[in-house]
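# Overview (structure and organization)
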Amino acid sequence: MSFESVCAAYGARAAEYIEAVGGVEHASEADRAHILAWARGVEGRVLDVGSGPGQWTDHLRRQGVAIEGVEPVPEFL
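To keep things clear, this report deals only with the structure shown in the data block.

What counts and how
Residues numbered from 1 in each chain as written. Predicted model: local features only at pLDDT ≥ 70, side-chain atom pairs only at ≥ 80, totals over all residues. Heavy atoms only, no water. Pairing = 2+ DSSP bridges. Helix = DSSP H or I, 4+ residues; strand = E, 2+ residues; numbered from the N terminus. Right-handed = clockwise from strand over helix to strand, strands pointing away. Buried < 20%, exposed > 50% of the residue type's maximum accessible area, 1.4 Å probe, protein only. Contact = heavy atoms within 4.5 Å. Core = buried A, V, L, I, M, F, W, Y, C linked by side-chain atoms within 4.5 Å.

Glancing now at the pairing of strand E2 (residues 67-70). The pairing of strand E1 (residues 46-49) with E2 spans four bridges and is classified as parallel. Each residue of the ladder has a partner; that of Leu 47, found in E2, is Glu 68. A crossover connection joins E1 to the parallel E2 through helix H4 (residues 55-62); in handedness this β-α-β unit is right-handed.

Now the structure itself:
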């Protein structure tokens, strides 16, 4: 399976994904706290590769984490 075909497959379902889990509010409070604690423990910048619609990148940035999102599927941007 090529990178391009994988991106196309994800892109075809981007709207469905965003609707189902496109917001941090879809995660439990315990999960949000766990991920935030992990991110704050990272030395240097966090790189969210495959960031989708950027819900975690945005959430962690708002909490003061130095983070950058990278998303190869244009439909998520």
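Having seen the model, we can carry on.
Within the secondary structure layout, Ala 27 lies in the loop between helix H2 (14-21) and helix H3 (29-40). We classify Ala 27 as buried; its relative accessible area is 17%. Considered as a pair, Ala 27 and Arg 62 are 35 residues apart in the sequence and their alpha carbons are 16 Å apart. When near neighbours in sequence (up to four residues on either side) are disregarded, Ala 27 contacts Arg 32 and Trp 56.

Our next topic: the nonpolar core. Generally speaking, a soluble globular protein has its nonpolar side chains buried in company with each other. By size, the foremost hydrophobic cluster in this structure holds six residues: Leu 36, Ala 39, Val 46, Leu 60, Val 65 and Ile 67. Setting aside anything within four residues of it in sequence, one finds Ala 39 in contact with Val 46, Leu 60 and Val 65.

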